[in-house]
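Topology and contacts: notes
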Amino acid sequence: MTFEVKEDIKIDQRFYKVEEIRMLTEDTFVISFPKSRFKFKAGQHLAVAVRNVFQKREYSIYSEENSEKLEILVKEVLEGHLTPKLKSLKVGDLVEVNGPFGRFRIDENKIGKSKFVFIASGTGISPFHSMIKSYPELDYQLIHGVRYGDEAYESYHYDKDRYVLCTSGDKTGNVHGRLTEYLKKSEFEEGTQFYLCGNSNMIFDALEILFAKGVTRDQIHNEVYF
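The sections below set out a description of the structure shown in this document. (Residues numbered from 1 in each chain as written. Predicted model: local features only at pLDDT ≥ 70, side-chain atom pairs only at ≥ 80, totals over all residues. Heavy atoms only, no water.)

1. Regarding the overall build of the chain
Under the convention used in this document: Put simply, DSSP marks the helices as runs of H or I at least four residues long and the strands as runs of E at least two long, and each gets a number from the N terminus on. Radius of gyration here is computed from C-alpha atoms only, and the compact-globule reference equals 2.2 Å multiplied by the residue count raised to the power 0.38. Under the scheme applied here, a residue whose accessible area is under 20% of the maximum for its type counts as buried, over 50% as exposed, and between as partly exposed, the area being computed with a 1.4 Å probe on protein chains only. Whether two residues touch is decided by their heavy atoms; if any such pair falls within 4.5 Å, the residues are in contact. Every accessible area reported is derived by Shrake-Rupley at a probe size of 1.4 Å, with residue values counting cover from the shown protein chains alone. Only four residue types enter the charge count, namely Lys and Arg as positive and Asp and Glu as negative; His and the chain termini do not. For this purpose, a charge sits on NZ of Lys, CZ of Arg, CG of Asp or CD of Glu.
Scanning the chain for helices and strands turns up four helices and 14 strands. Relative to the 2.2 N^0.38 estimate, which gives 17 Å for 226 residues, the radius of gyration of the chain is 17 Å and therefore close to what a compact globule would have. Oriented by its inertia axes, the alpha-carbon framework of the chain measures out at about 45 × 40 × 30 Å. Evaluated residue by residue, the chain yields a buried proportion of 50% over its 226 residues. Across the chain, every contact between residues at least 6 apart in sequence was considered, and the portion connecting residues at least 24 apart equals 63%. Carbon and sulfur atoms form 47% of the exposed surface of the chain, whose accessible area is close to 11800 Å². The positive charge centre, built from 32 side chains, and the negative charge centre, built from 35, are 3 Å apart in the chain.

2. What to know about the packing of aromatic side chains
Here is the rule: Working definition: a ring pair exists when centres of Phe, Tyr or Trp rings (six-membered ring for Trp) sit within 6.5 Å. Plane angles under 30 degrees give stacked, over 60 give edge-to-face, the rest tilted. Note on geometry: a ring has a charge over it if NZ (lysine) or CZ (arginine) is within 6 Å of the ring centre and within 35 degrees of the ring normal.
In the structure shown here, the tally under the stated rule is twelve aromatic pairs. Note on Phe 38 and Phe 40: the rings are 6.3 Å apart at their centroids and 50 degrees apart in plane angle, and the pair reads as tilted. Taking relative accessible area as the criterion, Phe 40 reaches 7% and is therefore assigned buried. Seen in terms of ring centroids, Phe 118 and Phe 128 are 4.9 Å apart; in terms of plane orientation they differ by 20 degrees. Their pairing is stacked. Of the two residues, Phe 118 is situated in strand E9 (residues 116-121) and Phe 128 in helix H2 (residues 126-134); the sequence distance between them amounts to ten residues. Taken as a pair, Phe 118 and Phe 128 share a single burial class, namely buried. Every member of this aromatic cluster is reached through a ring pair, and the members are Phe 104, Phe 116, Phe 118, Phe 128, Tyr 140 and Tyr 195. Note that Arg 162 overlies the ring of Tyr 140, its terminal NZ or CZ placed 5.2 Å from the centroid.

3. Details of the environment of Lys 56
The condition is simple: Definition of a polar contact: a pair of N or O atoms within 3.5 Å, with one able to donate and the other able to accept a hydrogen when the atoms are protein atoms, and with sequence-neighbouring residues admitted only if both atoms are side-chain atoms.
Looking at the secondary structure, you find Lys 56 in the loop between strand E5 (45-49) and strand E6 (57-60). When the C-alpha atoms of Lys 56 and Leu 46 are compared, they prove to be 9.6 Å apart, with ten residues separating the residues in sequence. A distance of 3.4 Å separates the side chain of Lys 56 from the side chain of Glu 96, its partner in a polar contact.

4. A closer look at the pattern of salt bridges
Counted only if it meets this: When a carboxyl oxygen of Asp or Glu is within 4 Å of a side-chain nitrogen of Lys or Arg, the pair counts as a salt bridge.
Per the counting criterion, the structure on display carries twelve salt bridges. One salt bridge in this structure joins Glu 108 and Lys 41, with 3.4 Å as the shortest N-O distance. In this pair, Glu 108 sits in the loop between strand E8 (94-101) and E9 while Lys 41 sits in the loop between strand E4 (28-34) and E5, placing the two residues 67 residues apart along the sequence. Here Glu 108 falls in the partly exposed class, since its relative accessible area comes to 42%. Between Glu 96 and Lys 56 there is a salt bridge, and its shortest N-O distance comes to 3.4 Å. Placement of the pair is Glu 96 in strand E8 and Lys 56 in the loop between E5 and E6, with a sequence separation of 40 residues.

5. Concerning the pairing of E5
Threshold: Two strands pair under a simple rule: DSSP has to find at least two bridges between them.
Burial analysis of E5 places five of its five residues in the buried class, which makes it a mostly covered element. Taking every second residue as pointing to the same face, both faces of E5 are buried, with His 45, Ala 47 and Ala 49 on one and Leu 46 and Val 48 on the other. Pairing between E5 and E6: four bridges, direction antiparallel. What sits directly across from Ala 47, in E6, is Glu 58. Note: E5 against E8, four bridges, orientation antiparallel. What sits directly across from Ala 47, in E8, is Asn 98.

Shown next as C-alpha cells:
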C-alpha cells in the first residue's frame, strides 16, 4: 500500500527480508534490509513490526540516503515486547516496515552557511549518522552522551576531530561526565543550527542550557526518542 505525501516522498507499507544483523555491543545492533525503491530523507524514521507482536516501534533510519541498504539501529530492552524479537531475527526473516515519516531533516539551504551541532544520547545518534553520511560537506560537531565507551556506535564513521564522546560510567570518552555538563562549558558560533535526539530528559536539559546561552528556538530542531 502506497500513499503520496509532500516532497515526492512515498509512505510505503511492505515486508522486507533481513539481509544482515550487525552486533555493535551485547545488546545493540544494526538491522540491514535491501533498500529496493525505498526513498527517504536523512533524519526520517520508520515504523517497524514483526510477526506475532501486536506493537510497532519507531526507529530513525541509520543508513545514508544513497546507500544500497536500509538500516536501523536498535538497543534491546529485556522487558520490552519488540526489541527482544528484533534481536532474535535471522537473515531472511520478514519484517514489516512502514514509512518514511517525520520532518526531522537537514535544512539544505543552510549547508555551507551555518555550522551544525548534533546532540545525541545513546541510540539517538542514529539520524545523525544518516545525516553526516548523506551530506559529507556538512560543517558539523557531533556530541554523543553514553554511559560506557563501547556504546560509541561505529564512531569511526565520523571525523575524529568533530566527534565528542561523553561517558558518564567510565573514563574512556573524550569527556568524563554527562553530555549536558559538556554543553554548559561549550561555546558555539552565532547562527549555529542545533539538532537534538535521544532521551527526553537529556533533550529538556539541553534545551534549557542552549536557551540560557542565547540560542533561539528557530536554531533548534529536536526528536524525542522516549
